[in-house]
Amino acid sequence: MNRQQTTAGLLVLLALLALPARAALVLGVHPEEPAPSIARLLAGLTPDEQAISVRPFESGEQLSAALQAGDIDLGILEDPGAPLTGLALVADLYPSVLHVLYRGSDTPRDLGELLARGPIWAGPPGSTGHRLARELARDFGLEDADVELLDDALSSEPDSYFIFGGILAPDALSRLPGFRLYSLDAPRQLMHGSVAEGIALRYPSLRPFVLPAQLYPPLGDEAALTLSVTSLLVARGSLPRDTVYELAMAVDALRPQLAAVYPLAGVRRPMEHMEAAQALPLHEGARRYRDRDLPGFLERYAEVLALGTTVMLATGTVLATVRRQRKQSRKDRLDTFYQRLLTLRDELSEPDSDDSNIAQRVRDAQSEVMALVIDERIDADGSLMAFLTLSNRLLEEAEKPA
């Protein structure tokens, strides 16, 4: 018997070893910071007991294509502003803020003048900054030849910067002598038709953002109204719901560490409460996590159910009372016929009673009672049976030969 148990245990162990190991989830990441640093944090998560491996891509476009093709499971992408086939949102990760810098003390009249004044570093081709600079130049009626967007920041010294990123470090500020921070509009104009709101209306992935006064003393003392774009954790839509639920929960718990790596990840964005719906649909697993604390059906409609129950009980009570009163009314009418029978019985006991007349009156009473039974649906209960018994006995006595 022990040998059989040992053999069975070995077979179970071999079967378990033969099961294929669950493949790690693949997280795609583009090279622009802080995406690689954030990806390293996310790689430590194990949603649904699955490891996460990081795969670098040369650009966000390549990453998006691989994610849509199903070659990878997850990706860190900037908000695309439009739906992407087969992709769903897991969580917001961090915002990148647009820094518009210009050389010299002569403040450009508007963005069109700034974009046309000299070489601009707006990030590598295909980046959000590069695309936005090109599109804004066209909005201002500038030809491509009028705007010099550099392919890299080393080939030529830029006269302006138009770049999305995090808060500038002291080392970066030290390499920007003679530059000033450009504000798209006066910060007080936010929510009053500012230029930033107009741009955000044209480009839905962007949001207004205010850089506080004296954040960068070498670049200027005034607050600056600018734009931000949010980087998202995106998943292929077919990723299991439970896996995404645990991933969304783990990312939420990871927020303090994200903020430690990239401080803007912990900053609440201006106008966040008025933010439009994301272009990407929320993954069902992420939606379940977001709605985990919402009241259930019974909690939401407890007052309605309580009111309905009260109304039903009150209605039932009223109906029972009405029914009881109607039955009592019918019984009261039947009692009058009892009284007539008792009167007839008293007359029958008199020596000179007219027995035939009494018998006819008893029959008339019986006929009236039966009509009530049919017309008013008097219950055939003990009261009716007692009446019939008493009336039949009176008939027998009235019809009995003298």
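The structure under discussion appears in the preceding block.
Predicted model only: the values in this text are computed from it and were never measured.

A. Region of interest: the overall build of the chain. Secondary structure summary: the chain contains 14 helices and nine strands in total. Across the 402 residues in the chain, those meeting the buried criterion constitute 38%. Within the chain, residue pairs in contact and separated by at least 24 positions form 76% of the contacts whose partners lie at least 6 positions apart. Accessible surface, the chain: about 23,000 Å² in total, of which carbon and sulfur atoms supply 55%.

B. Local environment of the environment of serine 96. If you trace the backbone, serine 96 turns up in strand 4 (residues 87-103). Classification of serine 96 as buried rests on a relative accessible area of 5%. In this structure, serine 96 is in contact with Phe164, Gly165, Leu227, Ser228, Val229, Ser231 and Tyr262, ignoring residues within four places of it in sequence.

C. Seen up close, the side chain of threonine 226. Tracing the chain through its elements places threonine 226 in strand 9 (residues 224-236). Within polar-contact distance, the side chain of threonine 226 engages the backbone oxygen of leucine 98 at 2.6 Å. Beyond its immediate sequence surroundings of up to four residues, threonine 226 is in contact with Val97, Leu98, Leu184, Ala196, Arg207, Pro208, Phe209 and Leu211.

D. View of the packing of aromatic side chains. Under the defined criterion, the tally for this structure stands at four aromatic pairs. When the centroid spacing of 5.0 Å and the interplanar angle of 70 degrees are considered together, the rings of tyrosine 94 and tyrosine 262 count as edge-to-face. Of this pair, tyrosine 94 sits in strand 4 while tyrosine 262 is found in the loop between helix 9 (255-261) and helix 10 (284-290), placing the two residues 168 residues apart along the sequence. As far as burial versus exposure is concerned, tyrosine 94 and tyrosine 262 are alike and both buried. Relative to tyrosine 289, the ring of tyrosine 245 lies with its centre 5.6 Å away and its plane at 85 degrees, an arrangement referred to as edge-to-face. Residue tyrosine 245 is located in helix 8 (residues 241-253), and its partner tyrosine 289 is located in helix 10; the two are separated by 44 residues in the primary sequence. Owing to a relative accessible area of 21%, tyrosine 245 belongs among the partly exposed residues under this scheme. A relative accessible area of 10% places tyrosine 289 in the buried class. One Lys or Arg, arginine 288, reaches over the ring of tyrosine 245 and ends 5.2 Å from the middle of that ring.

Criteria and thresholds
Residues numbered from 1 in each chain as written. Predicted model: local features only at pLDDT ≥ 70, side-chain atom pairs only at ≥ 80, totals over all residues. Heavy atoms only, no water. Helix = DSSP H or I, 4+ residues; strand = E, 2+ residues; numbered from the N terminus. Buried < 20%, exposed > 50% of the residue type's maximum accessible area, 1.4 Å probe, protein only. Contact = heavy atoms within 4.5 Å. Areas by Shrake-Rupley, 256 points an atom, 1.4 Å probe, with all protein chains shown as cover. Polar contact = N/O pair within 3.5 Å; in protein donor to acceptor, adjacent residues only side chain to side chain. Phe/Tyr/Trp six-rings, centres within 6.5 Å; stacked < 30°, edge-to-face > 60°. Lys NZ or Arg CZ within 6 Å of the ring centre and 35° of its normal.

What is shown is where atoms sit, not what they do.
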